[in-house]
Structures are given as structure tokens and as C-alpha cells.
Amino acid sequence: MLPLVFGVLFFILLSTIFHPQIRSNFSAMISTVRSRACNPEPAKMISFSDYDEFQSIGSEADQVWDNIVTPNGGYLYQTESNGHRYGSGISMFHQLHCLQMIRTKIQVLSFPNGSYGPPGTRQTHAHAHHVDDDHVMHCLDYVRQV
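Conventions and cut-offs
Residues numbered from 1 in each chain as written. Predicted model: local features only at pLDDT ≥ 70, side-chain atom pairs only at ≥ 80, totals over all residues. Heavy atoms only, no water. Pairing = 2+ DSSP bridges. Helix = DSSP H or I, 4+ residues; strand = E, 2+ residues; numbered from the N terminus. Expected span 1.5 Å × (residues − 1). Buried < 20%, exposed > 50% of the residue type's maximum accessible area, 1.4 Å probe, protein only. Arc of directions from axis to C-beta. Contact = heavy atoms within 4.5 Å. Polar contact = N/O pair within 3.5 Å; in protein donor to acceptor, adjacent residues only side chain to side chain. Axes fitted to C-alpha atoms, helices over the stretch in contact; angles between N-to-C directions. Parallel < 35°, antiparallel > 145°, perpendicular 65-115°, else oblique. Left-handed = near helix turned anticlockwise from the far one by under 90°. Nonpolar A, V, L, I, M, F, W, Y, C, P; charged D, E, K, R; others polar.

A. Representation of the pairing of strand β2 (residues 85–89). Relative to β2, strand β1 (residues 75–79) runs antiparallel, the two being bridged by five bridges. Each residue of the ladder has a partner; that of tyrosine 75, found in β2, is glycine 89. Taken together, β1 and the strand that follows it, β2, pair antiparallel across an intervening segment of five residues, in which glycine 83 is found at a positive phi of about 90 degrees.

Listed below in C-alpha cells is the structure:
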């Protein structure tokens, strides 16, 4: 059931971004997702695999991590009739963002001189500019709750 929910939410995200007509029907689509979530399918056994590229704090894995995080943090923005704009987040993208922030903090702590990566190269922490302790602690607490 969980893969179905994530698939539907990912479809909604892409559809909302790229198709203005669908954007206006966003509330109806959310209602459909909620009704399906209330009628779950039987549990399934899922196998997880190790992916070395996601287990590295070196610079060679930075692009892989950047590719799984959305540029807008997974938020869908709507404008009300009074002009007020608000965002609704998709928790999966928030979770991935937080994992990336925790990984970047590990990079900063592991390589305090700002240099990491293969020997002889000088890399800088791509996201270090917004990896303050409060942000990382928020992410740690958020991931704990999921």
C-alpha cells in the first residue's frame, strides 16, 4: 500500500507542477488519496538493498543525493482567491531533504577544513551554507517521528 501512496503522491506532485488544469483539482485528488489510504491493502514483505553510493560521505556521492531531492523541498504551492499563497508539503520529500542535511552535517564534522573527496581534490560542502545546528536538529527530530 505504501508504494501506491508514494506513487500517487509523486504523480500528484509532477502533475501539479506541469499541468495547470490539474492544479485546480488538487483538493479532489488529495481526497482520493486519503480515501485509498483509509482502505489499506494487506501488508507485503519488502526487501531492502544496500546502495553504496548512498552510504558515502565523500564528494563522489553528492550528485546522487542531490538528484533525489526536489528543488522546492517537495512543497506544492496554491494561491487562494484572496491572493494568499500557502504551501503543502509531501513528507517523503521532507524526509529525503532531512537525510541530506544530516549527511551534509556529517561531512562538515568529518572534514572540518571544508575539504573532502578523493585525495588531491578540493571539494566544498554543497549545502553547508544552510546546515546550521537548529536545522539539523529539526531534521533529526523529524526523521525520528516518521
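B. A look at helix α6 (residues 133–145). Over its 13 residues, α6 extends 18 Å from the first C-alpha to the last, a length consistent with the 18 Å expected when each residue adds 1.5 Å. Those residues of α6 not exposed but buried are His135, Val136, Cys139 and Tyr142. All buried residues of α6 lie within an arc of 125 degrees about the axis, which places them on one face of the element. For α6, exposure combined with an orientation more than 90 degrees from the buried face picks out Asp134, Arg144 and Gln145. In this structure, the buried side of α6 is in contact with α5 (91–110). Among the residues of α6, the N-terminal cap falls to aspartate 132, whose side-chain oxygen and the backbone nitrogen of aspartate 134 are separated by 3.1 Å.

C. Just the packing of α5 against α6, in detail. Where α5 contacts α6, the axes come no closer than 9 Å and their chain directions differ by 130 degrees. With respect to α6, the element α5 is oriented oblique. In the crossing of α5 with α6, the sense of the turn from one axis to the other is left-handed. Here Ser91, His94, Gln95, His97, Cys98, Leu99, Met101, Ile102 and Lys105 of α5 lie close against α6, whose contacting residues are Asp133, His135, Val136, His138, Cys139, Leu140, Tyr142 and Val143. Of the residues contributing to the contact of α5 with α6, the split by class is nine nonpolar, six polar and two charged.

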